[in-house]
Structure formats: C-alpha cells, structure tokens
Amino acid sequence: MTKTDFICAVGKELNIIDTGSWQVYPPVIQQDKCKKCGMCLLYCPTNSVKLIDGSYYIKLDFCKGCGVCINECPAKAIKFIKEDEQK
Amino acid sequence: MSIAEKIASYEDMVGPGITACLGCNVELSMRTALQVLGHNTIVAIPPGCMGGVQSVGWADKTGMKIPVFFPLLDNTASMLTGIKKYYERIGRDVNAVAFAGDGATLDAGFQALSGAAERGDNIIYICYDNEGYMNTGFQRSSSTSLGSWTSTTPVGEKSKGKSSHKKDMPLIMAAHGIPYMATASPAYMPDLIKKLEKAKNVKNGLAYIHIYNSCSTGWGYDSEKSIEIVRKGVQSRFMPIYEFENGKYKLNIDVKNPIPLKDYLSSMKKYKHVSEEQIAELQEFINEKWDNLKKLCAE
Ligand SMILES: Cc1ncc(C[n+]2csc(CCOP(=O)(O)OP(=O)(O)O)c2C)c(N)n1
Ligand code: SF4
Ligand code: SF4
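Residues numbered from 1 in each chain as written. Chains lettered and ligands numbered in written order. Predicted model: local features only at pLDDT ≥ 70, side-chain atom pairs only at ≥ 80, totals over all residues. Heavy atoms only, no water.

Chain B is annotated in an unreviewed UniProt entry as NADH-dependent phenylglyoxylate of Sedimentibacter hydroxybenzoicus DSM 7310.

As annotated in an unreviewed UniProt entry, chain A is 4Fe-4S binding protein from Sedimentibacter hydroxybenzoicus DSM 7310. UniProt's Cofactor (unreviewed entry) comment on chain A is quoted here verbatim: "[4Fe-4S] cluster". (UniProt positions renumbered as here; feature names shortened; annotations may be inferred.)

Caption draft 1: Representation of the sheet that holds strand 6 (residues 207-212) of chain B. Residues and elements named next belong to chain B. Strands sit in the order 2-1-3-4-6-5-7-8 across an open sheet of eight strands; the sheet is mixed. Both outer strands of the open sheet, strand 2 (68-69) and strand 8 (248-251), are each paired with one neighbouring strand and no more. The pairing of strand 1 (residues 41-44) with strand 2 spans two bridges and is parallel. Across the sheet, the residue bridging to Val43 is Val68, located in strand 2. The strands touched by helix 2 (residues 25-37) within the sheet are strand 1, strand 3 (95-101), strand 4 (124-129) and strand 6, with strand 3 carrying the most contacts at an inclination of about 175°. (Pairing = 2+ DSSP bridges. Helix = DSSP H or I, 4+ residues; strand = E, 2+ residues; numbered from the N terminus. Contact = heavy atoms within 4.5 Å. Axes fitted to C-alpha atoms, helices over the stretch in contact; angles between N-to-C directions.)

Caption draft 2: Quick look at the packing of aromatic side chains. Taken as a whole and assessed by the stated rule, the structure comprises nine aromatic pairs over all chains. Taken together, a centroid distance of 4.7 Å and an interplanar angle of 50° make the contact between B:Phe244 and B:Tyr249 tilted. Between B:Tyr264 and B:Tyr271 the ring centres are 6.2 Å apart and the planes differ by 50°, which places this aromatic pair in the tilted class. For the pair shown, B:Tyr264 and B:Tyr271 are each scored as buried. Taken together, the ring pairs connect B:Phe238, B:Tyr264 and B:Tyr271 into an aromatic cluster. Directly above the aromatic system of A:Tyr25 lies the positively charged group of A:Lys82, at a separation of 5.1 Å from the ring centroid. (Phe/Tyr/Trp six-rings, centres within 6.5 Å; stacked < 30°, edge-to-face > 60°. Buried < 20%, exposed > 50% of the residue type's maximum accessible area, 1.4 Å probe, protein only. Lys NZ or Arg CZ within 6 Å of the ring centre and 35° of its normal.)

Caption draft 3: Spotlight on helix 8 (residues 189-200) of chain B. Here helix 8 of chain B is twelve residues long and its end C-alpha atoms lie 16 Å apart, about the 16 Å a rise of 1.5 Å per residue gives. Within the span of helix 8 of chain B, buried status applies to B:Met189, B:Asp191, B:Leu192, B:Ile193, B:Lys195, B:Leu196 and B:Ala199. (Expected span 1.5 Å × (residues − 1).)

Written as structure tokens, this is what we have:
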C-alpha cells in the first residue's frame, strides 16, 4: 500500500471485491491487430488494461467483462473469448 | 508521451475491485481524476453510487490508497473546507477533493458548496452528473433533463417523464466568480485530464469540475456503450464542454455540425417514450444554451 503521512486514518487494509468473477467472457487483445493507440487503457473503467514494454494487455483479475474496450478499440483488435475458443 | 502512456505511468489510487456497475464511466472518471491528482490528496465522497461501491471502504477497511471519508449528502463542501483549513494552518499543501453526485451537488449539498465557493475556500469539487439519484433507485434530481424517465418521473397516461429542464449548474458555479470552472466528459480524456491538472494548480479559491457522466443501469443501455453514449451527448451539443478561467469563458469542444438530438436520445431506454414536442422543446433549450455559451465565449 502507498506510504501516507496524513492525519486521516487510511484504514487497516484495502477492501477488495472479486469483480473478476463478474466476467461472462474474458476480453483479449489480439496483438497482431493492435495499433498501440491506448484507447482501451484510457477508457477501461476498472483500470484493467496494462502497458508493458510498449504493448497493451488486459489483466483479467478485476475486469468485469463490460465490453467498453471492445467497443472503443478503433482497430477492432479486442474480442471476448468464448468457451469453445478457450481450450 | 501519448495520453495513454501518461495515464499508464500514474498510480491508481482506488482499490482494484469496487462494485460499480459494468462499464460505469463514473468509476472511470473517479480513477482517472485521482490518478491525475495524485498521492497528496484527501477525498470526500458523499452517499451516492461512488460511496456505495465501497470506494470509501467497508467496516474498518478502506477503498482507497489515499485518505477518503464519507461526509453527509448535504455537507460535503463544508466538511472538506474544514479539513483544508487545518492543513492550511499547519502549512501543508494538500489537494482537498470532493467527488460527488449531482444529487449531492445540485440539490442536497448546494448551499454548502455555494458557501465554500463564495468564501473562496481552496478545495477541488468534482461533480459527477449522471442525472439523478442513481444509488437509491434512479430518482430524479434537479440535474435530470426534460422528458427523462426516472422512478419519480414515471411514464404513463398522466406523466411523460420529467416536466422541467435540467438546472444549469456549471454556469451557476461560474457565476460565483470562482477561479476555475470546467465541464468535461469521460469520452474526451485529454480534455478531462488537462482540466484536472488545471484544477490541481488552483491555489486562490474553489475549482469546480462538472463531468457529464451516464448510467447504464438507470438510463438503460448496454454496458459496452458507456463511452459511446456520452460522446453522443457531447456531439449533439447536449453536454457542452467549456471552461471558465479567471473570468473568461472558453469553448473547448466546438461542435460545428451536431448530430441529430434523436441519435442521442434513441440510444437508451430513458428517452424511449419522448414525443416529437418534447424533442423540439429539448432542442430549443439546447440551442438557447449553446447560443448563450457562444456569446459568453466571444466576450
Ligand atoms: C440527507 C439525506 N437524504 C437522503 C439520503 C439517501 N441517499 C443516499 S445516496 C442518495 C443518492 C445520491 O444521489 P447522487 O448524489 O446524485 O449520486 P448517485 O447516486 O447518482 O451516484 C440518497 C438520496 C442521504 N444519505 N442523506
Ligand atoms: S484500443 Fe485497440 S488498437 Fe488501441 S491499444 Fe487497445 S487494443 Fe490496441
Ligand atoms: S471488458 Fe471492461 S473491465 Fe474488462 S478490460 Fe475491457 S473495458 Fe476493462
């Protein structure tokens, strides 16, 4: 947790809800189609899109599966992976 | 550095799992605002969706990595002012930030906010405007627009949604003569981020940012449309993006060729029932506001 030196208490620990369990299908960025514009990162409400060494990836732990990233990606590079594709 | 790279380099101050609805652009706005405002920040979130999603914590746990507290629906600005005064007294510069809904801002907490603005208290007040009391079941607020379905402005034989227009809170705040007032949209991130940076640098009074958000659950649209909807709101001139800085108005997004208002209205259940007369009345209201804004910006 971030170091703080305020008068206000910051609580004993962070209250974390397992919002990843809300996902119906996991969204995945197809790296070959990605133009690296970063729109998915800017618009993801849960801050689940990460920039690692110049490439964008979705970290699924807290992703709610809302589909905003899919709708906003100008390159149509993101899609939900359905069960039959997961194997 | 691109704007996405810049945001990626900032720490997220909100806990990773909060219970906002799928695709909620208020969650997005809150995360972005606090990423920009940074670690040296104390946050006040009154009752409403953002308090309810546990960003203020639960039992003895917190929802953020920075101090956050839960004022009443009606005293957010005054409580925050008190905290800011303490820090001023001990000589420490801290961002005292409110993140409050339209009900908490335009209705219940209005006089506390107006008082803080008039006194020149150095707080940053961000209103997330989802046009109603969404957390308690989508009741109308004074920010709900004409014709909207809400649980207290039903649609049926006797009532056709809300019968009065939306209160023009951004102009009311500018009329207080505060050093900085801006409207913004989560669909226009570079603009929103620039405005947060400006608000952070205001040291001589209150900075007010009015974010035009939406609500998938209360307005009735699919979660993935969350950004598309508010973008349409801006592009139809329904949500004018401008700022008021040191006495001067500036239009930040000049919508030269607006999309038909119907395109915006028809994308959600909230306006499914609206009649041609209501659309015409809304259009007239929007045109008047836009013309007035153009005049203010030309001065
Ligand atoms: C004085 C008072 N009246 C009523 C309530 C109940 N209440 C809790 S949250 C809420 C809705 C707040 O609406 P808004 O500020 O628009 O935020 P949103 O729910 O849209 O996020 C209400 C009415 C309260 N907490 N305090
Ligand atoms: S929005 Fe699409 S193209 Fe842009 S970085 Fe994300 S996945 Fe790549
Ligand atoms: S589906 Fe929603 S929560 Fe998941 S990465 Fe995309 S925008 Fe973020």
